[in-house]
Amino acid sequence: MVSSDPTYDELADEYGQNGRSRSAPRGVPQDQAAEESVLGAILAEHGVYERLAGMLEPGDFMDPRHKAIFAAVLSVFDRYEAIDQITVAAELSNQGRLQEAGGQAYLNQLVYELPATVGAEHYARLVQRASTYRDMIRAAGEIGELAYRADPNIGESLTQAVELLYGVRGADRRQDFRLLQDLLSDVLGEGSDDDTEAGGPTRTGFQDLDALLNEGMHGSDLIVLAARPSVGKSALALTVARNAAIGQELPVAIFSLEMSAEQVAARLVSAESHVESARLRVGRHTDEQEGQISRAIGLLSRAEIHIDDTAGQTLAEIRAKSRNLHTRLQEQAHRRGKGHGGLGLIIVDHIQLVHGFSRAPADTNRVSEISLISRTLKEIARELQIPILALSQLSRAVERRHPPVPQLSDLRESGSIEQDADVVVFIYREDMYDRDEYQDDLVDAAHQGRNEVAQLLVAKHRHGAVGKVDVRFVPAVAKFEDFYAQPEPGMDEFG
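Quantities reported herein were computed from a predicted structural model and do not represent experimental measurements.

Rules behind the numbers
Residues numbered from 1 in each chain as written. Predicted model: local features only at pLDDT ≥ 70, side-chain atom pairs only at ≥ 80, totals over all residues. Heavy atoms only, no water. Pairing = 2+ DSSP bridges. Helix = DSSP H or I, 4+ residues; strand = E, 2+ residues; numbered from the N terminus. Axes fitted to C-alpha atoms, helices over the stretch in contact; angles between N-to-C directions. Contact = heavy atoms within 4.5 Å. Core = buried A, V, L, I, M, F, W, Y, C linked by side-chain atoms within 4.5 Å. Buried < 20%, exposed > 50% of the residue type's maximum accessible area, 1.4 Å probe, protein only. Salt bridge = Lys/Arg side-chain N within 4 Å of Asp/Glu carboxyl O. Parallel < 35°, antiparallel > 145°, perpendicular 65-115°, else oblique. Nonpolar A, V, L, I, M, F, W, Y, C, P; charged D, E, K, R; others polar.

1. Digging into the sheet that holds strand E8 (residues 467-474)
Logical step 1: Sheet architecture is open: 9 strands sit in the order E3-E2-E4-E5-E1-E6-E7-E8-E9, paired in mixed fashion. Either end of the sheet is taken by a strand with one partner, and the two such strands are strand E3 (305-308) and strand E9 (479-482). The mean angle between the axes of side-by-side strands here comes to 25°, regardless of whether they run parallel or antiparallel.
Logical step 2: In the sheet, strand E6 (residues 423-428) pairs with strand E7 (residues 452-461) via 6 bridges, with the strands oriented antiparallel. Across the sheet, residue isoleucine 427 finds its bridge partner in E7, namely leucine 456.
Logical step 3: Here helix H12 (residues 233-247) sits on the sheet in contact with strand E1 (222-227), strand E2 (252-256), E3, strand E4 (345-349), strand E5 (388-393), E6, E7, E8 and E9, set at roughly 170° to E5.
Logical step 4: Running over the sheet, helix H16 (residues 315-335) touches E2, E3 and E4 and is turned about 160° from E2.

This is the structure:
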């Protein structure tokens, strides 16, 4: 319902100033009956508040009396006392707010005029919904003010607008307990329809790595791929993107903060055709190479890879763009009758180039900002149920180690990356160091030369074992390959 009680005039004026005309035909969203009913249920029956814990906050109530009463309920609960109209009245009196809350008579009225306590959760959801709509109106008003100010930095204004929208909490805020027996089928991969329609994990395309990761990268997982500069983080990420988009026909989103979209496309063509990117740029290829390039472009044109090369993106922008693209792809799949749809993988290249929710000044604590970035990327992965592959730099400490094999402590600027990640994979290429000084059983003379041998070191795996996987690296085209890769059906083996 929409209240017409004169006690709400001041609040309605606030909403009018922030986003709606005072002469608007519709009032501020508010359900007076639901607010009264949920409070009456809490006061009338022990244990009702525990059933609603986490669903509501004092600010969710529009009636000032109800705000005060619910705040008192929380205080009584925090002292482990029984919640009823007597204890809540005493708390309000101690706070000097009993009359503000309507007095003892109003508390009694809430209890005695209550329809039934069994509908408390339903009433709470109605209160939640109205509160969310009011938050939306507030956000719309503040976004309008941003637009009227017409700040010269349009990017900063858009970032603030996105932050305001994400500050609106959804109506379904509480994740309740789930019974074990309802979850057991999920363990065997026979759970929800979403899991079935999504086709399971997103595979990297490297057989041994997928086996180590329980058949691939799973929805809601944050996978961190880390290495020193020029070791091949971007090359490996692009290979994974190519494998997911072509091998599984999954849409992939790439946030390329270091390379332009054109550079990403060129590297994909170079890796697919086995023609050096330098030759692509200058157009110096043989007829045979021209054929290889044409076939590679034909294959890649079928890959649904979305590339955003906006430099210096903020978390808010990455989150908003990811959600928008994911939703759009789901709607397209639904219209085509293709089931779940949506993104299969998000790649961020790389974490150290991402800004926090606002573009921070140079003196900002970068460790805290990196912690925020890794935590938020994990939240996005969980929210969208999509694996996120985030690239990260390693500190110079790894180069002072003999042999220079990466460790979790080498993750640059923040231990929270290790904490937030479900999987951490390092790239170790011995060919980048002095082989005479650092011999390793990985090196096999039969595989030296054009294709270098590299290791993918799974240093953390929240859902399984850690270990190492041997892969081939082709320096000329910056491409990683399965160690015993076979050419795909219908494709020539280039090189």
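2. Some remarks on the nonpolar core
Logical step 1: Ranked by size, the top nonpolar core spans 44 residues in total, and within it Val252, Ile347, Leu389, Ile427, Leu456 and Phe480 carry the most contacts.
Logical step 2: Take this core: its biggest share by element is 9 residues, from H12.
Logical step 3: If we skip the residues at most four places from it in the chain, leucine 456 touches Leu209, Leu236, Val425, Phe426, Ile427, Gly467, Lys468, Val469 and Val471.
Logical step 4: Listed in part, the 34 residues of the second largest apolar core include Ala41, Ala72, Tyr123 and Val127.

3. Digging into the pattern of salt bridges
Logical step 1: One pass over the full model with this rule turns up 15 salt bridges.
Logical step 2: For glutamate 272, the salt bridge is made with arginine 242, and the minimal N-O distance between the two is 2.7 Å. Taken as a pair, glutamate 272 in helix H13 (residues 261-273) and arginine 242 in helix H12 lie far apart in primary sequence, 30 residues in all.
Logical step 3: The class for glutamate 272 is buried, based on a relative accessible area of 8%.
Logical step 4: The partner of lysine 378 in a salt bridge is aspartate 422, and the shortest N-O contact between them spans 2.7 Å. You can see lysine 378 sitting in helix H17 (residues 366-384) and its partner aspartate 422 sitting in the loop between helix H18 (416-420) and E6, a full 44 residues away along the chain.
Logical step 5: Among the residues examined, aspartate 422 registers a relative accessible area of 2% and is labelled buried.
Logical step 6: In this structure, a network of salt bridges that share partners links the residues Glu45, Arg51 and Glu121.

4. With respect to the environment of methionine 62
Logical step 1: Tracing the sequence through the fold places methionine 62 in the loop between helix H3 (48-52) and helix H4 (64-78).
Logical step 2: Each C-alpha atom, one on methionine 62 and one on glutamine 32, is 8.1 Å from the other, the two residues being 30 residues apart in sequence.

5. Thoughts on the packing of H4 against helix H5 (residues 85-95)
Logical step 1: Packing of H4 against H5 leaves a shortest axis separation of 9 Å and a crossing angle of 105°. Judged on the interaxial angle alone, H5 and H4 are roughly perpendicular. Seen from H4, the contacting residues are Ala68, Ile69, Ala72, Val73, Ser75 and Val76; seen from H5, they are Thr87, Val88, Glu91, Leu92 and Gln95.
Logical step 2: Among the residues making up the contact of H4 with H5, the classes are represented as 7 nonpolar, 3 polar and 1 charged.

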